[in-house]
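# Breakdown of the fold
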Amino acid sequence: MKNFLFISCNFPRSYFHFTEALKNVGFNVIGLGDTPYFELEPRLLSSLSEYYYLPNLMDTKRVEQAVEELISRHGVIDFIESNNEFWLGLDAHLRSKFHVTTGKGEDEIEMYKSKSLEKEYFKKAGAKFARYTVLSTFEKAKEFAQIVSYPLIIKPDSGVGGHSTYRINNEEELKEFFHINVVQEKYLIEEFINGELVTFDGITSKDGNVIYCSSEVFPDHFDCVNDHDVDIYYYGSNNVPSDLREIGTSILKTMDAKYRYFHIEFLRMSEDKEGLGKKGDPLVMEANMRAPGGYTVEVINYATSISSYEVYARAMADLIKEEIIPLHRQFSAYIGRRKNSHYVHSVEDIKNKYFPNVLFHQEVPKGLEDVLGDDALIARFEKEEDVYEFFAYTTKKA
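Analysis parameters
- Residues numbered from 1 in each chain as written.
- Predicted model: local features only at pLDDT ≥ 70, side-chain atom pairs only at ≥ 80, totals over all residues.
- Heavy atoms only, no water.
- Phe/Tyr/Trp six-rings, centres within 6.5 Å; stacked < 30°, edge-to-face > 60°.
- Buried < 20%, exposed > 50% of the residue type's maximum accessible area, 1.4 Å probe, protein only.
- Lys NZ or Arg CZ within 6 Å of the ring centre and 35° of its normal.
- Helix = DSSP H or I, 4+ residues; strand = E, 2+ residues; numbered from the N terminus.
- Pairing = 2+ DSSP bridges.
- Contact = heavy atoms within 4.5 Å.

### Comments concerning the packing of aromatic side chains
Think of a pair of aromatic rings as described by two things: how far the centres are apart, and how the planes are tilted against each other in angle. The full count for this structure, using the stated rule, is 35 aromatic pairs. Ring geometry for Phe4 against Phe6: centres 5.9 Å apart, planes inclined by 35°, an arrangement best described as tilted. Like Phe4, the residue Phe6 is buried in the burial classification. An aromatic cluster is built from Phe4, Phe6, Tyr15, Phe18, Phe27, Phe79, Tyr259, Tyr261, Tyr309 and Tyr312, whose rings are joined through pairwise contacts. The ring centre of Phe192 lies 4.5 Å from the NZ or CZ of Arg167, which sits over that ring.

This is how it looks when you write it as structure tokens:
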């Protein structure tokens, strides 16, 4: 029996689906996390052969000691994974330390963490992307703005999701950014591209082949990044556009993405841009080599009617040789509503009108409301136009 060490298995809380699926395909699943034992999901605990609690996973020496203890009890570790962008570096460090070869080691993981380094791989893959530079001084940033014009996007080179991402509309806002922020970490500054955020998500096999995939569309993603009072809405489809699949697959091969859940973000251009492409062309933004955040894994699962948790587990066990193709086209719509907004229609109204389309409803855990909304619902539809009708109904204000 192979040992799978799941780092930070307690966050997000839904990750017990991963540990259950891994156990079901024959792994001995061991958990290491920073949530006290008695606060864990019962289903997480029942899927683990052991849970090792550490109050601080940032204490690398103590984490190493914990893994040594776990190896003494369970034997050689075959997989070390968190499926969480924040812990990619720790995952890689532990793989190198304990000679685990089923994922990137410490000397390679930077390609999965650094947005600037990623762009070198995008270039090798033949993918186009917005112009950028590493942020240093206000004067240098102003020079870059004179070349590409406003607005600009500023984001951490090694950030997590949309955290600390800013849209800068003019020189005054750029000056204010430098006044407020002490730029200690590495930031990128990019030209703003008008377009719609679309994704290529899925899972790769032992050989790096895509064995499961889907796509999401985020109609107003920049509003959500910059205004935490707006509703969050997007939708998933099991019909991946051919251009996203082609470019995304090339990126995965270039980045040697094996045994990975991936989330590659593109902007589909809403206008022609000299040197970049025509209206409708996709530009790659980021390649995230982990499961997408929030409730997006659930959106993917409902869009495909296939559990990606189970596909992931079977891929880790090398039980899938060919791509899994959904039976028919369908869409899953996510809406995250705000508690301080006054809506025409209540949650009960939504459930009644869209019964049996609404498959998921949950209050968002504290601390995640800014990016997910306060009240989350997911509904599934056969037609894309029904998705937009659902969004219009659920976001209508009184």
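Moving on from the model shown.
### Examining helix 11 (residues 296–304)
For helix 11, the buried fraction is high: eight of the nine residues fall into the buried class. All of the buried residues in helix 11 are Thr296, Val297, Glu298, Val299, Ile300, Asn301, Ala303 and Thr304. Just downstream of helix 11 lies Ser305, where phi reads positive at about 60°.

### What about the pairing of strand 16 (residues 375–381)?
Taking burial as the measure, the seven residues of strand 16 include six buried ones, the bulk of the element. Here seven bridges tie strand 14 (residues 331–337) to strand 16, and the two strands are oriented antiparallel to one another. Of the residues in strand 16, the one forming a bridge with Arg337 is Asp375. Bridge count for strand 15 (residues 358–363) against strand 16 is five bridges, and the pairing is antiparallel.

### Some details on the environment of Phe218
Along the chain, Phe218 turns up in strand 10 (residues 210–218). It is 21 Å that separates the C-alpha atoms of Phe218 and Tyr343, two residues lying 125 residues apart in sequence. For Phe218, the contacting residues outside a window of four places in its chain are Glu196, Leu197, Thr199 and Tyr234.

### Some words on helix 6 (residues 115–124)
Those residues of helix 6 not exposed but buried are Lys115, Ser116, Glu118, Lys119, Tyr121 and Phe122. Turning to helix 6, the residues buried within the fold contact helix 5 (110–113), strand 5 (132–134), strand 6 (152–156), strand 8 (187–191), helix 10 (242–254) and strand 13 (282–288). Residue Gly126 follows helix 6 closely and has a positive phi angle near 80°.

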